[in-house]
Amino acid sequence: MIKIEHVKKSFGHLEVLHDVSLTVEDGNVVVILGPSGSGKTTLLRSINFLERADKGKLTIGSKTVDLHSAKKKDVLEIRRKTAMVFQNYNLFANKTALENIVEALVTGHGVPRADAIERAKLELKKVGLEDKADYYPSQLSGGQQQRVGIARAVALDADVILFDEPTSALDPELVGETLSLIKQVAKEGHTMIVVTHEMSFAEDVADKVVFMDGGYVVEEGSPGEIFYHPKEERTKRFLSRILPSSNYVI
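Throughout what follows, the structure given in this document is the object of discussion. (Residues numbered from 1 in each chain as written. Predicted model: local features only at pLDDT ≥ 70, side-chain atom pairs only at ≥ 80, totals over all residues. Heavy atoms only, no water.)

A word on the pairing of strand S8 (residues 192-195)
And step 1. Every second residue of S8 is oriented toward a common face, with Met192 and Val194 on one face and Ile193 and Val195 on the other, all of them buried.
And step 2. Inspection of the sheet shows strand S3 (residues 29-33) paired to S8 by 4 bridges, in the parallel sense. Looking at S8, one finds that Val29 is bridged to Met192.
And step 3. Summarising the sheet, strand S7 (residues 160-164) and S8 pair through 4 bridges and their orientation is parallel. Each bridged residue has a counterpart across the sheet, and for Leu162 the counterpart in S8 is Ile193.
And step 4. Crossover handedness for the path S7 to helix H6 (residues 172-187) to S8: right-handed. (Buried < 20%, exposed > 50% of the residue type's maximum accessible area, 1.4 Å probe, protein only. Helix = DSSP H or I, 4+ residues; strand = E, 2+ residues; numbered from the N terminus. Pairing = 2+ DSSP bridges. Right-handed = clockwise from strand over helix to strand, strands pointing away.)

Shown next as structure tokens:
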């Protein structure tokens, strides 16, 4: 289980996260929705210490750390338990698709290089890019780069995979294939926290949907509860603006 407790984060005088708590059961997919600036990405970045929270605790399995004062060894341990898929792919431009995955395994997780190469080849095959193993990011489309990013995250065999709006930088025609791949990853039983604006994806895949606004968790529940029977007026207003039919929300 992953437990996030009372996380606060400010940038200067702007408080971005206000006492945010969240629980994710093993093997579950939690989708976080909300308008821009609601703190969704900051929460993900705080979980794997890309941002240092001002307050809060994180538990992954039997490991609990203070998100503000965790020591370097604790940070490294948490990072080895998490993998992240970024909006803009975050691939090394000077490394091939295969090397991007191998580097993460060898440097971040201490996997022997020969084993890392075999694992990287397997994951590239799963995402349909075995023939692009020697291509550099500049030779790949945005969708292909994101598939490499997803393959890298899965290869790490982390306790939880964090997806930060993984389709936001893609051309519209590439969104569907990327979402299909993420659905397949979910079906394999990976624990996932996904920040996205893709409502149909959230309904199909999520075990729990969390709506955030203004740095707060406004409401959480099953996809059916959030999309069809939201309790909070702020949730209803948000959904009525972005869903294809106002009849979606009762």
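A few points about a negative patch on the surface
And step 1. Side chains of Glu25, Asp26, Asp157 and Asp159 sit close together on the surface and give a patch of like negative charge.
And step 2. Topologically, Asp159 is positioned in the loop between helix H5 (142-155) and S7.
And step 3. Given the relative accessible area of 37%, Asp159 is considered partly exposed. (Patch = residues over 30% accessible without salt bridge, like charges linked within 9 Å, V, L, I, M, F, W, Y side chains within 5 Å. Areas by Shrake-Rupley, 256 points an atom, 1.4 Å probe, with all protein chains shown as cover. Salt bridge = Lys/Arg side-chain N within 4 Å of Asp/Glu carboxyl O. Lys, Arg positive; Asp, Glu negative; His and termini not counted. Charge placed at Lys NZ, Arg CZ, Asp CG, Glu CD.)

Focus on the side chain of His190
And step 1. Within the element layout of this structure, His190 appears in the loop between H6 and S8.
And step 2. Of the polar contacts made by the side chain of His190, one reaches the side chain of Glu188; its length is 3.3 Å.
And step 3. Sequence-distant contacts of His190, defined by excluding residues within four places in its chain, comprise Gly27, Asn28, Val29, Val154, Ile161 and Val185. (Polar contact = N/O pair within 3.5 Å; in protein donor to acceptor, adjacent residues only side chain to side chain. Contact = heavy atoms within 4.5 Å.)

Comments concerning helix H1 (residues 40-47)
And step 1. Burial runs high along H1: 6 of the 8 residues are buried.
And step 2. Of the residues flanking the end of H1, it is Phe49, one or two places downstream, whose phi is positive at about 65°.

Comments concerning the packing of helix H3 (residues 97-109) against helix H4 (residues 113-126)
And step 1. Where H3 meets H4, the axes come as close as 9 Å, and the angle between the chain directions of the two elements is 130°. In terms of orientation, H3 lies oblique with respect to H4. In the crossing of H3 with H4, the sense of the turn from one axis to the other is right-handed. Contacts between H3 and H4 pair Ala97, Leu98, Ile101, Val102, Glu103, Leu105 and Val106 from the former with Arg113, Ala116, Ile117, Arg119, Ala120, Lys121 and Leu124 from the latter.
And step 2. Classifying every residue of the contact of H3 with H4 by side-chain character gives 10 nonpolar, no polar and 4 charged. (Axes fitted to C-alpha atoms, helices over the stretch in contact; angles between N-to-C directions. Parallel < 35°, antiparallel > 145°, perpendicular 65-115°, else oblique. Left-handed = near helix turned anticlockwise from the far one by under 90°. Nonpolar A, V, L, I, M, F, W, Y, C, P; charged D, E, K, R; others polar.)

A few points about the pairing of S7
And step 1. Extensive coverage of S7 is indicated by the burial of 5 of its 5 residues.
And step 2. On S7, burial covers both faces: Val160, Leu162 and Asp164 on one face and Ile161 and Phe163 on the other are all buried.
And step 3. With 4 bridges joining them, strand S6 (residues 82-85) and S7 adopt parallel strand pairing. By the bridge assignment for S7, Val85 is matched with Phe163.

Brief notes about the layout of surface pockets
And step 1. Considering only enclosed or pocket space, the largest pocket measures out at about 610 Å³ in volume.
And step 2. As for the largest pocket, its lining consists of 20 residues, of which Arg79, Thr82, Ala104, Gly108 and Leu156 are closest to the centre.
And step 3. Those elements that place two or more of their residues in the lining of the largest pocket are helix H2 (72-81), S6, H3 and H5.
And step 4. Top contributing element to the lining of the largest pocket by residue count: H3, with 6 residues.
And step 5. When grouped by side-chain class, the residues that make up the lining of the largest pocket number 9 nonpolar, 7 polar and 4 charged. (1 Å grid on protein atoms, 1.4 Å probe; cavity = no way out; pocket = protein on both sides within 12 Å on 5 of 7 lines; lining within 4 Å. Points joined across faces, edges and corners; volume = space filled by probe spheres on them.)

Quick look at H2
And step 1. Inspection of H2 places Asp74, Val75, Ile78 and Lys81 among the buried residues, and these make up the whole buried set. Buried positions in H2, seen along its axis, are confined to an arc of 120° and lie on one side of it. Turned more than 90 degrees away from the buried face of H2 sit Lys72 and Lys73, all of them exposed.
And step 2. Looking at the buried side of H2, the elements it contacts are H1, strand S4 (55-60), strand S5 (63-66), S6 and S7. (Arc of directions from axis to C-beta.)

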